[in-house]
Amino acid sequence: MSDKPVYVTQPYLPPLDEFIPYLQQIWDNKILTNGGPMHKELETALSNYLGVDHIALFNNGTIALLTALQALRVAGEVITTPYSFVATAHSLLWNGIKPVFVDIDPHTLNLDPARIEAAITPQTTAIMPVHCYGNPCDVEAIQKIADNYNLRVIYDAAHAFGVQDEEGSILRHGDLSVLSFHATKVFNTFEGGAIICPDAKTKKRIDQLKNFGFVDEVTVVAPGINGKMSEINAAFGLLQLQHIDRAMARRREISQAYREHLKDVKGIRIVEETGQKVANYSYFPILLEADYPLSRDELYLKLKENNIFARRYFYPLISEFPMYRGLASAQRNNLPVANAVAEKVICLPIYPALQEASINAVAELINQGAK
Ligand code: T4K
């Protein structure tokens, strides 16, 4: 058993002394928020790092999702996945939009494009897929459907920081993509998020919406929200960016170590990174199949008894939460893949500071469980 608890993740924190000069700048210029110099600098640095044209920073990913829907004036019904963090669907409810849950692909665990068309009604205005665990959705198939039915596509890309396909950032797909920079994410600003958008005009509207709808000192054009990232968060992001490549490389090593340790364990399916040229190793999900002797919850508890706090991301399905059950009554019986995966999934600890001994302990417990 490990002495200290090992959690599913631990935020990467650069050396504290490296942060002090950033704080000094903030203390000197007394600009704490409302689009100050750190905020501007981080937007530029992130557009360059991610290889995207326009980015609008937010105070968290959930407010960014809410605002993305507002920016495109999405209403009525939106097709989305039940296999995600609850914020995906909450952003729809907060906008008075009905989420329509469609099943996932058994391989990628992302929204299954083959099932989207059957869920489209005259009220459908958009699709909100999630690049779950940073594995890209079938962006081409989704865009084709969106084009055919004149629908908007907003990607919940909370897990997809730095992910690239053959042509570049995965974040360039759809009308908008939304990132989370929460403490538990690959790139964190303590709390934070962003919307990636294709043109300056859309970014301008998003920037207005995240600042109460102000256009100038005396003009408010929309019922905007306070979604601004503060200078201290932006400063931290600038520092994080200096370390991100090393942090990601370490995640990759851990992912490879798990794969090596678990490759011969019967009854375990490691969710593969598929469809990306550059992965971010944000999560390490495994599925416990019927021929693994322990149930998922038995393994979860066994790890917990040994001070290892793996997580069942994403169980329960969003469609099973009380505020969605009624709305999703017609769809709940139509999600066989998502239901099955939610019962089998467990995400193992993965983060840059994870020790070799902890990786070995996790793998050993899973191996033991197979005997
Ligand atoms: N869309 C998707 C697909 C998402 O996954 C998320 C967020 C969002 C949208 C919304 O983005 P934000 O509004 O959050 O920016 C966590 C996160 O709170 C949440 O951001 C994340 N998804 C979700 C997948 O995971 P919990 O309830 O599991 O967090 P918590 O507090 O249990 O943290 C997990 C473990 O991480 C802890 O056991 C210990 C460790 N931890 C956590 C925090 C907060 C630390 O070591 N330090 C910390 O500061 O939701």
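For clarity, every value in this text was computed on a predicted model and none was experimentally measured.

Requested: an account of the domain arrangement of the protein, with residues and values cited.
Parsing the protein into structural domains produces domain 1 (16-239) and domain 2 (244-369). Just the C-alpha atoms count here: the centres of domain 1 and domain 2 sit 25 Å apart. Between domain 1 and domain 2, the contact holds 40 residues from the first and 37 residues from the second. Contact between domain 1 and domain 2 buries roughly 3400 Å² in total, counting both sides, with carbon and sulfur atoms accounting for 63%. Considering only the surface of domain 1 that becomes buried against domain 2, Phe-101, Tyr-133 and Val-186 emerge as the three largest contributors, covering 20% of it. At the surface where domain 1 touches domain 2, the tally comes to zero salt bridges. Viewed at the interface, domain 2 and domain 1 are joined by 19 residue pairs in polar contact (both at pLDDT 80 or more). Contributions of two or more residues to the side of domain 1 that touches domain 2 are made by helix 4 (87-94), strand 4 (98-101) and strand 7 (164-165). A per-class count over the side of domain 1 that touches domain 2 returns 22 nonpolar, eleven polar and seven charged.

Lay out the nonpolar core with the relevant residues and their values.
Of all hydrophobic cores here, the largest spans 48 residues; its most connected members are Leu-46 and Phe-161. Sorting the residues of this core by element identifies helix 1 (16-29), helix 2 (37-50), strand 2 (54-58), helix 5 (139-149), strand 6 (152-156), strand 10 (193-197) and helix 7 (231-262) as the ones contributing at least two each. Broken down by element, this core gets its largest block of residues, eight residues, from helix 7. Beyond its immediate stretch of four places on either side in the chain, Leu-46 contacts Gly-51, Ile-55, Leu-57, Phe-161, Phe-181, Phe-187 and Leu-241. Residues Ala-257, Tyr-351, Leu-354 and Ala-363 belong to the second largest nonpolar core, which totals 29 residues.

Outline the site of the ligand, supporting the account with residue identities and numerical values.
If you check the shell around the ligand, you find 26 residues, and the closest are Thr-62, Asp-156, Ser-180, Arg-311 and Tyr-313. Here an oxygen atom of the ligand and a side-chain polar atom of His-159 are 2.8 Å apart. In the model, an oxygen atom of the ligand is placed 2.7 Å from a nitrogen or oxygen of the Ser-180 side chain. Protein contacts shield 75% of the accessible area of the ligand, which totals 910 Å² for the unbound molecule. Looking at the shell around the ligand, the elements that each hand over two or more residues are helix 3 (61-71) and helix 4.

Run through the sheet that holds strand 13 (residues 268-270), naming residues and quoting values.
One open sheet holds the three strands; their spatial order is 13-14-16, and the pairing between them is antiparallel. What marks the edges here is a single partner per strand, and that holds for strand 13 and strand 16 (345-348). Averaged over all pairs of adjacent strands, the angle between their axes in this sheet comes to 30 degrees, without regard to strand direction. Looking at chain direction, strand 13 and strand 14 (residues 284-288) are connected through three bridges and run antiparallel.

Give a description of the sheet that holds strand 2 that names residues and reports values.
If you trace the seven strands from one edge of the open sheet to the other, you get 2-10-9-6-5-3-4, paired in mixed fashion. The outermost strands of the open sheet, each flanked by one partner alone, are strand 2 and strand 4. This sheet shows a mean twist of 25 degrees between the axes of neighbouring strands, independent of strand direction. With three bridges joining them, strand 6 and strand 9 (residues 176-180) adopt parallel strand pairing. Among the inter-strand pairings, Ile-154 is bridged to a residue of strand 9, identified as Leu-176. Sitting on the sheet, helix 2 is in contact with strand 2, strand 9 and strand 10, with an inclination near 130 degrees to strand 2. The sheet strands contacting helix 6 (residues 200-209) are strand 2, strand 9 and strand 10, and the helix crosses strand 2 at an angle near 10 degrees.

Rules used throughout
- Residues numbered from 1 in each chain as written.
- Predicted model: local features only at pLDDT ≥ 70, side-chain atom pairs only at ≥ 80, totals over all residues.
- Heavy atoms only, no water.
- Domains from an automatic or database assignment.
- Contact = heavy atoms within 4.5 Å.
- Buried area = accessible area lost by both parts, 1.4 Å probe.
- Salt bridge = Lys/Arg side-chain N within 4 Å of Asp/Glu carboxyl O.
- Polar contact = N/O pair within 3.5 Å; in protein donor to acceptor, adjacent residues only side chain to side chain.
- Helix = DSSP H or I, 4+ residues; strand = E, 2+ residues; numbered from the N terminus.
- Nonpolar A, V, L, I, M, F, W, Y, C, P; charged D, E, K, R; others polar.
- Core = buried A, V, L, I, M, F, W, Y, C linked by side-chain atoms within 4.5 Å.
- Buried < 20%, exposed > 50% of the residue type's maximum accessible area, 1.4 Å probe, protein only.
- Near = heavy atom within 4 Å.
- Areas by Shrake-Rupley, 256 points an atom, 1.4 Å probe, with all protein chains shown as cover.
- Pairing = 2+ DSSP bridges.
- Axes fitted to C-alpha atoms, helices over the stretch in contact; angles between N-to-C directions.

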